[in-house]
Amino acid sequence: MSDTSTHPSTAADLAAAGYEAVCELHDLPLGRAAAALVGDRQVALVRLSDREVYAIDDICSHGAVSLSEGDVVGCELECWMHGSRFNLRTGVPSCPPATTRVPVYAVRLVGDTVYVTATPTPAEELPA
């Protein structure tokens, strides 16, 4: 999820910590997913509210199709092919046919610029 309260908090600090500027907030429609390239990884960005943005791997762990083409349902992204839903905070599927978690990525906002790290957040650091 996007976080403006913890360090690193400047563009230079974020770049040094491995974050990339991906887009501006106004580029992300509320309640919809958008594909973005972060490093060599394709991620789905989801803006749930004014300053709440999530980044999740863009490939479904079941059907190997783009998740950014699916629908946002609450705090989940639904795969358009078979209907699996993935929690935006954890990447954990909430319903079949997917059973394998997809990676999630840390997001930070500096002003209206969205920064995402290309390194997946380790599962043990995610909320339960």
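Structure's up top.
Summary of the structure given here.

Cut-offs and rules
Residues numbered from 1 in each chain as written. Predicted model: local features only at pLDDT ≥ 70, side-chain atom pairs only at ≥ 80, totals over all residues. Heavy atoms only, no water. Helix = DSSP H or I, 4+ residues; strand = E, 2+ residues; numbered from the N terminus. Rg over C-alpha atoms; globule rule 2.2 N^0.38 Å. Buried < 20%, exposed > 50% of the residue type's maximum accessible area, 1.4 Å probe, protein only. Contact = heavy atoms within 4.5 Å. Areas by Shrake-Rupley, 256 points an atom, 1.4 Å probe, with all protein chains shown as cover. Lys, Arg positive; Asp, Glu negative; His and termini not counted. Charge placed at Lys NZ, Arg CZ, Asp CG, Glu CD. Salt bridge = Lys/Arg side-chain N within 4 Å of Asp/Glu carboxyl O. Pairing = 2+ DSSP bridges. Axes fitted to C-alpha atoms, helices over the stretch in contact; angles between N-to-C directions. Core = buried A, V, L, I, M, F, W, Y, C linked by side-chain atoms within 4.5 Å.

Regarding the overall build of the protein
Secondary structure summary: the protein contains one helix and ten strands in total. Shown N-terminal to C-terminal, the secondary structure of the protein runs as helices and strands in the order β-α-β-β-β-β-β-β-β-β-β. Here the C-alpha atoms of the protein give a radius of gyration of 14 Å, agreeing with the 14 Å that 2.2 N^0.38 yields for 128 residues. Taken along the three principal axes of its C-alpha coordinates, the protein extends 40 × 30 × 25 Å. For the protein, buried positions account for 43% of its 128 residues. Taking contacts inside the protein between residues at least 6 apart in sequence as the whole, the part at least 24 apart equals 46%. Counting only carbon and sulfur atoms, one obtains 51% of the accessible surface of the protein, whose full area is about 6,200 Å². Taking the 8 positively charged and 17 negatively charged side chains of the protein as two groups, their mean positions are separated by 4 Å.

Quick notes on the pattern of salt bridges
Applying the stated rule across the entire model yields four salt bridges. Between Glu52 and Arg89 there is a salt bridge; the shortest N-O distance is 3.7 Å. With a gap of 37 residues between them, Glu52 in strand 5 (residues 52-57) and Arg89 in the loop between strand 8 (85-87) and strand 9 (104-110) connect regions that are remote in the sequence. Exposure remark for Glu52: the relative accessible area of 19% places this residue in the buried category. In this structure, Arg85 and Glu78 form a salt bridge, with 3.1 Å as the shortest nitrogen-oxygen distance.

Looking at the sheet that holds strand 6 (residues 71-73)
Judged by pairing direction, the sheet is antiparallel, and its three strands sit side by side in the order 6-7-8 without closing on themselves. Unpaired on one side and paired on the other, strand 6 and strand 8 mark the two borders of the sheet. The average angle at which neighbouring strand axes cross in this sheet is 30°, direction not considered. Direction of pairing for strand 6 relative to strand 7 (residues 76-78): antiparallel, over a ladder of three bridges. Of the residues in strand 7, the one forming a bridge with Val73 is Glu76.

Observations concerning unusual backbone geometry
Of note, the bond from Pro96 into Pro97 is cis; its omega dihedral lies within 30 degrees of zero at 15°. Turning to its location among the elements, Pro97 is positioned in the loop between strand 8 and strand 9.

A short note on the environment of Ala35
Its location among the elements puts Ala35 in strand 3 (residues 33-38). Distance from Ala35 to Ala55, taken between C-alpha atoms, is 9.5 Å for residues 20 residues apart in sequence. Not counting chain neighbours up to four residues away, the residues in contact with Ala35 comprise Gln42, Val43, Asp58 and Ser68.

Let's talk about the pairing of strand 3
Side-chain direction in a regular strand flips from residue to residue, so the side chains alternate between the two faces of the sheet. Sheet analysis places strand 3 next to strand 4 (residues 41-49), joined by six bridges and oriented antiparallel. When the bridges of strand 4 are listed, Ala34 appears paired with Leu45.

Comments concerning the nonpolar core
If you look at the biggest cluster of nonpolar residues, it comprises 18 residues, and the most contacted ones within it are Val46, Ile56, Cys60, Leu67, Leu77, Phe86 and Leu88. Only strand 4 and strand 5 provide two or more residues apiece to this core. Beyond its immediate stretch of four places on either side in the chain, Ile56 contacts Val43, Ala44, Leu77, Phe86, Asn87, Leu88, Gly91, Val102, Pro103, Val104 and Tyr105. With 15 residues, the next largest nonpolar core counts Ala34, Ala55, Leu109 and Val116 among its residues.

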